[in-house]
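Descriptive structure summary
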Amino acid sequence: MGGGVSKSRRVPLEDRIKYIKTTPFYLYLQDDTLQEFAACFPFMVQIKKGETPKLDENKLYIVSTGELELSTTMADPKMKIENKGYLCKKRPGDILSKPKEQKLATEKLSPKTKKMESFVEQVETSATQNSSILGSDSTALKRFLNKYPKLSVPFNAIVSSHIETHLGKIPFLQDLKASKLSVLATMCQYEAMDSDSTVFEENTVANKLYILLSGKATVLAPQWAGNSSPLQQSLEWGNYDERSNSSVIVAGLKSGDYFGETSLFVNTNRTCTVRTTEKSLFLSVGKKTFENFCAVCPQIKEKMREVMKQRMVSKLSSLGIPFLDGIAPSSMELLSNEVEVQDYDDGEIVFREGDVGNRFYIVVNGGVKVEKIEKEEEAEPLSSHNNEDHSEKSKIDSMRNLGILKAGNYFGEMALVSDTPRSATVTSIDKTILLSLDKDSFRTIFANNPNSFSEFTLRLLQGSSELRHLLSHSLGMQTFRSFMKQNFAEENVDFWISVNEFKKNYEDNQEESRNKASNIYEVFCKEGAKCQVNLPFDMRSHIEKSLSETFIHHNIFDESMDEIYKLMVRDNFARFKQSSEFVDFFKYLGILLEKERTKQEL
């Protein structure tokens, strides 16, 4: 390819104005300032196809006609040669500049090296067709911005090229060398939008990261999302079946803020709407462009994966999902490290009924439907062959919908717990993001967590669950206590909880143990107590006598605890299992009980 430029010439003012009208600058210019600004770009460089223009790092360029391609040199370790790594294209209206740090990378590494990212510091700009670019006069630009200070903020965001500073604030780019940030900056696009313009709408395809360089914008969410943090919305929305058409502001964006970075990592739809509240200038990085950058700077992709996994696990944890309650910080860290992020388009199968179970899944965004194969018999077909044996009826397989799982729900644990094949087929119902965990990591993280184990048991037994399974689950216990309170019997649950806590936190310090046991007796067991439970006289007497002894045993309340448990099972639990609270609790776990399935099918 040639390294020369065809020619550089001055261009009429009216032509310069025409080209500037295609740039982000135009939004901020009036007729008089437009002419003065155009005067700051006095010359045009003509570039023939295949040629490389010589760019001055102190000048700003505007692509006027044609198309330019940015590329870098990368090593192919297998072929032991240097290949051209495509980065992005620049088209009319795009801003072009030379990376500030490129002059530091004057020597190429050996093509045998495996550190391909080292080559990204050398960026080559070449014309893919006959093209032209407008070049600035740096001194004239400075005079223009001094004369019109109101334009200095948005224009300096482009002219002064501090884009690397903004990019460096994004977590997965923080460790990147300045030279590489400078290269990524040259790949970005500028987008100017008037006040009350929509940057993107909720549920549209997400394919760009945005940085707000100047101006202001707001993040809008459906009204029922309330004042929830924008980082939680994609999870919280998944717990609702209906959405309001009206929206509320859930966050404000100012200069330097970035958003939409998840779109660079997974295929998903937008989870909110972003709209400008004044004239605003954005820097954007497209998904395909960023993938090209990652191809020649591969450590970025791994860093991005690590940051996004930590964020997703943190979001799940912050939502108070019951099966994550009680997991030690070290286990949460292991979950962040070992989990994999998987994205699915609408209608993709995650696994089929009968498959070997080797992964556990958590829905982060979108949703999945759960279906089970059912055999149905056809009526015996009619035939003119009288001697034909129709004793065996033909079978038809049908799929029965077992329910929908949305953000915050999980699935796939039963095959890992019981070492049995998958019991249902799971299919995505939208663009869906899942976190998945392999069998060994799953058992390491959840095996010793009582709340997780009880939830898995409840999901397995469903309507056959016993009261003890419910009481060992934090949300299950709260749900049952709420039901008991409606029936003026919450003291029984409170007694059971208090005794359970006493046993769990039993201390060798006898004075402490005696004080705790005495408090339980005074509140629940003593005749005429404020929250007296229905214990036989001999049980109350036994507890009172035990409290007067020298040593307080951890099992001082065991007999009375069993008594109250049997009482709740006999008098309350059967009615609770017929209540809407019981059904709603299992819905929260992502399970549609049999009677609810039947009702929906009818």
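Refer to the preceding data block for the structure.
For every chain, the first residue of its written sequence is number 1, and the numbers climb from 1 along that sequence. Since the coordinates come from a predicted model, pLDDT governs what is reported: local features require at least 70, and pairs of side-chain atoms require 80 or more to be given and counted, while whole-chain, interface and lining totals use all residues. Water and hydrogen atoms were dropped before computing side-chain values, which therefore reflect all heavy atoms in the structure.

1. Here's the deal with the sheet that holds strand β22 (residues 410–411)
Using the following cut-off: Strand pairing follows a simple DSSP-based rule, namely that at least 2 bridges must link the two strands. For the purposes of this entry, the term helix denotes a DSSP run of H or I that reaches at least four residues, the term strand denotes a run of E that reaches at least two, and both are numbered from the N terminus. We call two residues in contact whenever any of their non-hydrogen atoms come within 4.5 Å of each other. Comment: axis = line fitted to C-alpha atoms, over the contacting stretch for helices; angle = value between 0 and 180 degrees taken between N-to-C directions.
Spatial strand order, β17-β24-β19-β22: four strands in an open sheet with antiparallel pairing. Strand pairing shows two members of the sheet lacking a second neighbour, β17 (340–344) and β22, which therefore form its edges. Note that strand β19 (residues 359–365) and strand β24 (residues 432–438) share six bridges and pair antiparallel. The residue bridging R359 from the neighbouring strand is D438, located in β24. Sitting on the sheet, helix α12 (residues 439–446) touches β19 and β24, and the angle it makes with β24 is about 80 degrees.

2. Quick notes on the sheet that holds strand β16 (residues 280–286)
Spatially, β9-β16-β11-β14 is the arrangement adopted by the four strands of the open sheet, whose pairing is antiparallel. Among the strands making up the open sheet, the edge pair consists of β9 (189–193) and β14 (258–259). As defined by bridge partners, β9 adjoins β16 across five bridges and the pair is classed as antiparallel. Bridged to Y190 within β16 is L283.

3. Some remarks on the packing of aromatic side chains
Short version of the rule: By convention, a stacked pair of Phe, Tyr or Trp rings (six-membered ring in the case of Trp) has centres within 6.5 Å and planes under 30 degrees apart, an edge-to-face pair has planes over 60 apart, and any other such pair is tilted. Per-residue accessibility, obtained with a 1.4 Å probe over protein chains only, is compared with the maximum for each type, and a residue is labelled buried under 20%, exposed over 50%, and partly exposed between these values.
Under the defined criterion, the tally for this structure stands at 33 aromatic pairs. An angle of 45 degrees between the planes, with centres 6.3 Å apart, marks the rings of F290 and F293 as tilted. Here F290 and its partner F293 are both found in helix α8 (residues 287–296), three residues apart, which amounts to about one turn of the helix. Here the two residues F290 and F293 agree in accessibility, since each one is buried. Ring pairs connect the aromatic residues F25, Y28, F37, F41, F144, Y148 and F155, which therefore count as one cluster.

4. Considerations on the pairing of strand β3 (residues 61–65)
Most of β3 sits inside the fold, with four of its five residues counted as buried. Of the pairings in the sheet, the one linking β3 to strand β6 (residues 95–96) comprises two bridges and is antiparallel in character. Each bridged residue has a counterpart across the sheet, and for I62 the counterpart in β6 is I95.

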